[in-house]
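# Fold and contact review
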Amino acid sequence: MPVSKHNTQFFAAYNDIKQKILGGFFSHDDRLREIEVANLLGMGRTPVREALKRLEDERLLTHEPRRGLVVTRIDQQGVAELYSMREILEAAAAEFAARHATDAEIDNMESILAEESRRGADPVAANLAFHDAIYGAAHNQHLIRSLKAVTETTYLLGRSTLQNPQRSDAAIDEHRAIVAAIRARDPEAAAKAARHHIRQAFLERLKILRERASAPGTHPSPKTGAARRARAVRGT
């Protein structure tokens, strides 16, 4: 059955707005007005309206009194809940990978690790590639969908924990432990190593939140919005 023009426009609007949210172009400081978003995308208001509604249903957008539609801001309780779920899902992915990964898939994980350890490597990109490799090696589409949803929510937290060089170095060692357990076909050890990895990321995230809360000028003005968006980096 062919896809209608309406559906094509809806999915185009949905994907474009979603990527702008996840990439940091839109932030909690921005009001997403239907007509302005439509003008920005060069699309009609109807597909944009439906796309915004879908993103609100997915909780990437929130309707706030006196402000309207904004990118969802996650409070500290929400962060704790998010990382608790990530710990469960990442542990399951590592466990399944230890059971089901092919030798080629494990070789790929080790290749990504080698790239991640190279001087000058992008720690955020390498981290995403590493976790994607584990998800694929888990061979469970239901788990992958759940992980994707949680990962996208993580993007709303702002800058990556891996921008701290000490955390980035520690994460590489944690990745090595996960791969070693998967290579040894030890599901219990793989899950344990993955849980430890996410717990350490959570502790770093809490540190970032404390620093943000204590820093002066934590609410950027509209004039600084473009510069902030250009600098936005997302990750673990």
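We now turn to the structure provided with this report. Predicted model only: the values in this text are computed from it and were never measured.

### Concerning helix H1 (residues 5-22)
In a regular helix each residue adds 1.5 Å, so 18 residues correspond to 26 Å; H1 covers 26 Å between its end C-alpha atoms and thus fits that length. Among the residues of H1, Phe10, Ala13, Tyr14, Ile17, Lys18, Ile21 and Leu22 are the ones counted as buried. Projected down its long axis, H1 carries its buried residues within an arc of 150°, all on one side. More than 90 degrees from the buried face of H1, the exposed residues found are Lys5 and Gln19. Each element contacted by the buried residues of H1 is listed here: helix H2 (34-41), helix H3 (45-57), strand S1 (61-64), strand S2 (68-71) and helix H7 (141-154). Two residues or fewer after H1 comes Gly24, characterised by a positive phi angle close to 90°.

### Examining unusual backbone geometry
In the Ramachandran plot, Arg59 falls in the positive-phi region, its phi being about 70° despite a non-glycine side chain. Looking at where Arg59 falls in the secondary structure, it is placed in the loop between H3 and S1. The exposure class of Arg59 is exposed, given its relative accessible area of 67%. One non-glycine residue with positive phi stands out, namely Arg66, at about 70°. Within the secondary structure, Arg66 is located in the loop between S1 and S2. The exposed category is assigned to Arg66, whose relative accessible area is 82%.

### With respect to the pairing of S2
Here four bridges tie S1 to S2, and the two strands are oriented antiparallel to one another. Along S2, the bridge assignment pairs Glu64 with Gly68.

### Some words on the pattern of salt bridges
It is possible for side chains bearing opposite charge to pair when their charged atoms get close. This structure, assessed with the given rule, holds 17 salt bridges. Of the charged contacts, one joins Glu90 and Arg86 as a salt bridge, the two residues approaching to 3.4 Å between their closest N and O atoms. One end of the pair, Glu90, and the other, Arg86, are both in helix H4 (residues 76-100), four residues apart, so they sit about a helical turn from each other. A relative accessible area of 4% places Glu90 in the buried class. Two residues, Arg176 and Asp173, come together in a salt bridge whose shortest N-O distance is 2.7 Å. Of the two residues, Arg176 and Asp173 both sit in helix H8 (residues 165-183), three residues apart, roughly one turn of that helix. Overall, Arg176 belongs to the partly exposed group, its relative accessible area being 41%. Judged by relative accessible area, Asp173 falls into the partly exposed class, the value being 47%.

Reading guide: rules and limits
Residues numbered from 1 in each chain as written. Predicted model: local features only at pLDDT ≥ 70, side-chain atom pairs only at ≥ 80, totals over all residues. Heavy atoms only, no water. Helix = DSSP H or I, 4+ residues; strand = E, 2+ residues; numbered from the N terminus. Expected span 1.5 Å × (residues − 1). Buried < 20%, exposed > 50% of the residue type's maximum accessible area, 1.4 Å probe, protein only. Arc of directions from axis to C-beta. Contact = heavy atoms within 4.5 Å. Pairing = 2+ DSSP bridges. Salt bridge = Lys/Arg side-chain N within 4 Å of Asp/Glu carboxyl O.

Purely spatial values, then, with no claim about function.
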